[in-house]
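Fold and geometry: a report
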Amino acid sequence: MSVSEVRSPRRSAPPAALVACGLLLVPWLVILASGGAPRWTAGWLTIDSLEAVGLMASGVLALRALPHRALPPTATATAALLLLDASLDLATSQGAALLLAAAMAVLAELPLAVTCALVALSTLRAMEARNARPAEVQPAGRPRGEAGQQPSRRLPRYCSTWSSETRS
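Residues numbered from 1 in each chain as written. Predicted model: local features only at pLDDT ≥ 70, side-chain atom pairs only at ≥ 80, totals over all residues. Heavy atoms only, no water.

1. Examining the overall build of the protein chain
Condition: Counting from the N terminus, the helices are the DSSP runs of H or I reaching at least four residues and the strands are the DSSP runs of E reaching at least two. The classification of residues rests on relative accessible area computed with a 1.4 Å probe and restricted to protein chains. Under 20% of the type maximum is buried, over 50% is exposed, and intermediate values are partly exposed. Only heavy atoms matter for contacts: two residues are in contact if any of them lie within 4.5 Å across the pair.
Scanning the protein chain from terminus to terminus reveals four helices and zero strands. Ordered by position from the N terminus, the helices and strands of the protein chain form the series α-α-α-α. Counting the 168 residues in the protein chain, one finds 26% classified as buried. Sequence separation of 24 or more characterises 63% of the internal contacts of the protein chain that already satisfy a separation of 6 or more.

Structural data, given as structure tokens:
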């Protein structure tokens, strides 16, 4: 690893904050599981658990010297979960709880969603600059037969249910 690949403390602050926020959600999950309205508890536990896992995974993947190609989709999905959580909090709250939901959205969920989106975007730009593309868009390459033979036109085993009309 070269000196230019080592992350500076300034560049590692957002990923470390993502990990810290994911870890801070764990005690909140315990509090949420122990009390609250039973009608909503399972839904909030699911969303907040996915947020915690997504924040920690995004942060850990971003802290690597060369970020993993799974980082952009992980960070993007986490940003979407944070936006969903903020909108559901606002939609299901009334009175003083609505003020608390608005404060949580403005001070925590929306800034974290923006951070996740920026981490995903900067990672995609860095991957593009290195000419490394995510696996989903990377060309698979042309299969080669033995000793210069043409590759087989057979479909992979998982495609055997396709009709003969779709095969070319």
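2. Some remarks on the layout of surface pockets
Just so we agree on the cut-off: In this analysis, the protein atoms alone were mapped onto a 1 Å grid. Cavities are point sets where a 1.4 Å probe fits without being able to get out; pockets are open sets with protein on both sides within 12 Å along at least five of seven lines; lining residues have an atom within 4 Å of a point. Grid points are joined across faces, edges and corners, and a volume is the space filled by probe spheres set on the points. As a working rule, the residues Ala, Val, Leu, Ile, Met, Phe, Trp, Tyr, Cys and Pro are called nonpolar, Asp, Glu, Lys and Arg charged, and the rest polar, with Gly in that last group.
By volume, the largest pocket is sized at about 640 Å³. Contributing to the lining of the largest pocket are 22 residues, with Trp28, Asp48, Asp89, Met104 and Glu109 lying nearest its centre. It is helix H4 (residues 96–129) that provides the largest number of residues to the lining of the largest pocket, a total of seven residues. Each residue belonging to the lining of the largest pocket can be placed in one class, and the counts come to 15 nonpolar, two polar and five charged.

3. Considerations on the packing of helix H2 (residues 38–63) against helix H3 (residues 71–92)
Quick reminder of the rule: Angles here are taken between N-to-C directions and fall from 0 to 180 degrees, while the axes themselves are lines fitted to C-alpha atoms, restricted in helices to the stretch in contact. Should an angle fall under 35 degrees it is taken as roughly parallel, and over 145 as roughly antiparallel, whereas 65 to 115 is taken as roughly perpendicular and any remaining angle as oblique. A clockwise turn of the near helix away from the far one marks a right-handed crossing, whereas an anticlockwise turn of less than a right angle marks a left-handed crossing.
H3 packs onto H2 with a crossing angle of 150° between their chain directions and a minimal axis gap of 9 Å. Comparing the axis directions of H2 and H3 gives the class roughly antiparallel. Of the two possible hands of crossing, H2 and H3 adopt the one that is left-handed. Between H2 and H3, the contacting residues are Trp40, Trp44, Ile47, Asp48, Leu50, Glu51, Gly54, Leu55, Ala57, Ser58, Leu61 and Ala62 on the first element and Leu71, Thr74, Ala75, Thr78, Leu81, Leu82, Leu84, Asp85, Leu88, Asp89 and Thr92 on the second. A breakdown of the residues in the contact of H2 with H3 according to their chemical character gives 14 nonpolar, five polar and four charged.

4. A few points about the packing of H3 against H4
The interhelical angle for the contact between H3 and H4, taken along N-to-C directions, is 165°, at an axis separation of 8 Å. As the angle between them shows, H3 and H4 are arranged roughly antiparallel. Remark: the crossing between H3 and H4 carries left-handed chirality. Residues of the contact of H3 with H4, tallied by class, amount to 21 nonpolar, three polar and three charged.

5. Describing a nonpolar patch on the surface
Under the convention used in this document: For patches, a residue must show more than 30% relative accessible area and have no salt bridge; joins then use 9 Å for like charges and 5 Å for nonpolar side chains, namely Val, Leu, Ile, Met, Phe, Trp and Tyr. Computed by Shrake-Rupley with a 1.4 Å probe, the accessible areas treat only the displayed protein chains as cover when residues are assessed. Within this document, salt bridges are pairs made up of a side-chain nitrogen of Lys or Arg and a carboxyl oxygen of Asp or Glu, the two lying within 4 Å of each other.
Among the surface-exposed residues, Leu83, Val106, Leu107 and Leu110 lie close enough to one another that they form a single nonpolar patch of about 400 Å² accessible area. Ranked by residues supplied to the nonpolar patch, first place goes to H4 with three residues.

6. With respect to the side chain of Asp85
Tracing the backbone through its elements, the reader meets Asp85 in helix H3. Using a relative accessible area of 3% as the deciding quantity, one classes Asp85 as buried. In this view, Asp85 contacts Trp44, Ile47, Asp48, Glu51 and Glu109; residues no more than four positions away in its chain are not counted.

7. Focus on H4
Defined as follows: A helix's residues, less one, multiplied by 1.5 Å, set its expected span. Bend angle per residue: angle between axes fitted to the 7 residues ending at that residue and the 7 residues starting there.
Counted at 1.5 Å a residue, the expected span for H4 with its 34 residues is 50 Å, and the 48 Å between its end C-alpha atoms agrees. In H4, a bend of some 45° at Ala105 exceeds every other bend along the element. Restricting attention to buried positions, one finds in H4 the residues Ala101, Ala105, Glu109, Leu112, Ala113, Cys116, Val119, Ala120, Thr123 and Met127.

8. Topic: the side chain of Glu109
Residue position: Glu109 is located in helix H4. Its relative accessible area of 6% is what places Glu109 among the buried residues.

9. Thoughts on the nonpolar core
Quick note on the threshold: Here, nonpolar core means buried Ala, Val, Leu, Ile, Met, Phe, Trp, Tyr and Cys residues that are tied together by side-chain atoms lying within 4.5 Å of each other.
Counting 16 residues, the largest nonpolar core has Leu18, Leu55, Leu71, Leu82 and Cys116 as its most contacted members. Mapped by element, the contributors of at least two residues to this core are helix H1 (9–34), H2, H3 and H4. Setting aside residues no more than four positions away along its own chain, Leu82 makes contact with Glu51, Leu55, Glu109, Leu112, Ala113 and Cys116.

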